[in-house]
Amino acid sequence: MTLLILGLVLFLGIHSVSIVAPGWRDAQVASRGEAAWKGLYSVASVVGFGLIIFGYSLARQSPVVLYTPPPAMRHVAWLLLVPVFPLLLAAYLPGRIKAAAKHPMLLAVKLWALAHLLSNGTLADVLLFGGFLAWAVADRISLKRRPARPLPGAPARALNDVIAVVGGLALYLVTAMFLHRWLIGVSPI
């Protein structure tokens, strides 16, 4: 469990710098340069993500059950997960979806985390998915109070929404049918 927590602190911590210390982040970019900051950010993110994956896999070997969700929650989770991949794609494919959601990636993270909390009840699940849910809520609140930085992405076009929905639903199906089991070791079906 220690590695999972360490990974969450590192990964969510580096992703929270703009939430808790935007001035410090801007000072680091100004003094080190944007490329150096992005390099440090990327290394911390990759190391944190690796620790999350390894720590979560270790924690699953001896689970601490906090609650047992009703079987119907799996169906609710499936429904909550349907828009996740289209929202992720819409974050980088500006169109009506991005305009309506404002921050589609954060909305996707919130839906993903909530769906997993509704269908999984171990301590590791609560730490992992609860941590991501809390981070996404905090980041969304902070974005209302700070200027948004431009995200890289495609130029705004009407076709972007079609690509986001069709591509996102295709990713959802491939993940549900194949990738989740291959990557996570658990088939959601």
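Structure's up top.
Nothing here was measured: the structure is a model prediction, and the numbers come from that model.

K.L.:
Talk me through the pattern of salt bridges; I want residue IDs and the actual numbers.
P.N.:
Under the defined criterion, the tally for this structure stands at 3 salt bridges. Notably, a salt bridge pairs D26 with R25, separated by 3.4 Å at the nearest N-O pair. By relative accessible area, D26 is classed as partly exposed at 39%. In this structure, the salt-bridge partner of D139 is R146, at a minimum N-O distance of 2.5 Å. Judged by relative accessible area, which is 15%, R146 ranks as buried.

K.L.:
Describe the environment of R146, listing the residues and the values that go with them.
P.N.:
Relative to the assigned elements, R146 resides in the loop between α9 (123-143) and α10 (159-184). Not counting residues up to four positions away in its chain, the partners in contact with R146 are S18, I19 and D139. For R146, the side chain forms a polar contact with the main-chain oxygen of S18, separated by 3.4 Å. Separated by 3.1 Å, the side chains of R146 and S142 make a polar contact.

K.L.:
How would you sum up the packing of aromatic side chains? Please name residues and give values.
P.N.:
Applying the stated rule across the entire model yields 8 aromatic pairs. Relative to F49, the ring of F11 has its centre 5.8 Å away and its plane inclined at 45 degrees; by these criteria the two rings are tilted. Taken together, the residues span a long stretch of sequence, with F11 in helix α1 (residues 2-14) and F49 in helix α4 (residues 34-61) at a distance of 38 residues. Ring geometry for Y56 versus F129: centroids 6.3 Å apart, planes at 75 degrees, classification edge-to-face. With Y56 in helix α4 and F129 in helix α9, this residue pair connects regions lying 73 residues apart in the sequence. Assessed through its relative accessible area of 13%, Y56 is described here as buried. You can call F129 buried: its relative accessible area is 5%. An aromatic cluster of three or more residues is present, and its members are F11, F49, Y56, W112, F129 and F132.

K.L.:
A description of α10 should follow, citing residues and the corresponding values.
P.N.:
Between its first and last C-alpha atoms α10 spans 33 Å; for 26 residues at 1.5 Å apiece the expected length is 38 Å, and the helix comes up short by more than 12%. Where α10 bends most, the angle comes to about 55 degrees, and this point is T175. Within α10, the full set of buried residues consists of N160, D161, A164, G168, Y172, T175, A176 and H180. Summarising the contacts, the buried residues of α10 are in contact with α5 (72-81), α6 (84-90), α7 (96-101) and α8 (104-119). Just past α10, the residue G185 takes up positive phi, approximately 90 degrees.

K.L.:
I'd like a description of a nonpolar patch on the surface, backed by residues and values.
P.N.:
A cluster of nonpolar residues, L79, V82, L159, V162, I163, V165, V166 and L169, forms a patch on the protein surface that exposes about 650 Å² of accessible area. The greatest single-element share of the nonpolar patch, amounting to 6 residues, is contributed by α10. If you trace the backbone, L79 turns up in helix α5.

What counts and what doesn't
- Residues numbered from 1 in each chain as written.
- Predicted model: local features only at pLDDT ≥ 70, side-chain atom pairs only at ≥ 80, totals over all residues.
- Heavy atoms only, no water.
- Salt bridge = Lys/Arg side-chain N within 4 Å of Asp/Glu carboxyl O.
- Buried < 20%, exposed > 50% of the residue type's maximum accessible area, 1.4 Å probe, protein only.
- Helix = DSSP H or I, 4+ residues; strand = E, 2+ residues; numbered from the N terminus.
- Contact = heavy atoms within 4.5 Å.
- Polar contact = N/O pair within 3.5 Å; in protein donor to acceptor, adjacent residues only side chain to side chain.
- Phe/Tyr/Trp six-rings, centres within 6.5 Å; stacked < 30°, edge-to-face > 60°.
- Expected span 1.5 Å × (residues − 1).
- Bend = angle between axes of the 7 residues up to and from the residue.
- Patch = residues over 30% accessible without salt bridge, like charges linked within 9 Å, V, L, I, M, F, W, Y side chains within 5 Å.
- Areas by Shrake-Rupley, 256 points an atom, 1.4 Å probe, with all protein chains shown as cover.

Distances and angles like these do not, on their own, reveal function.
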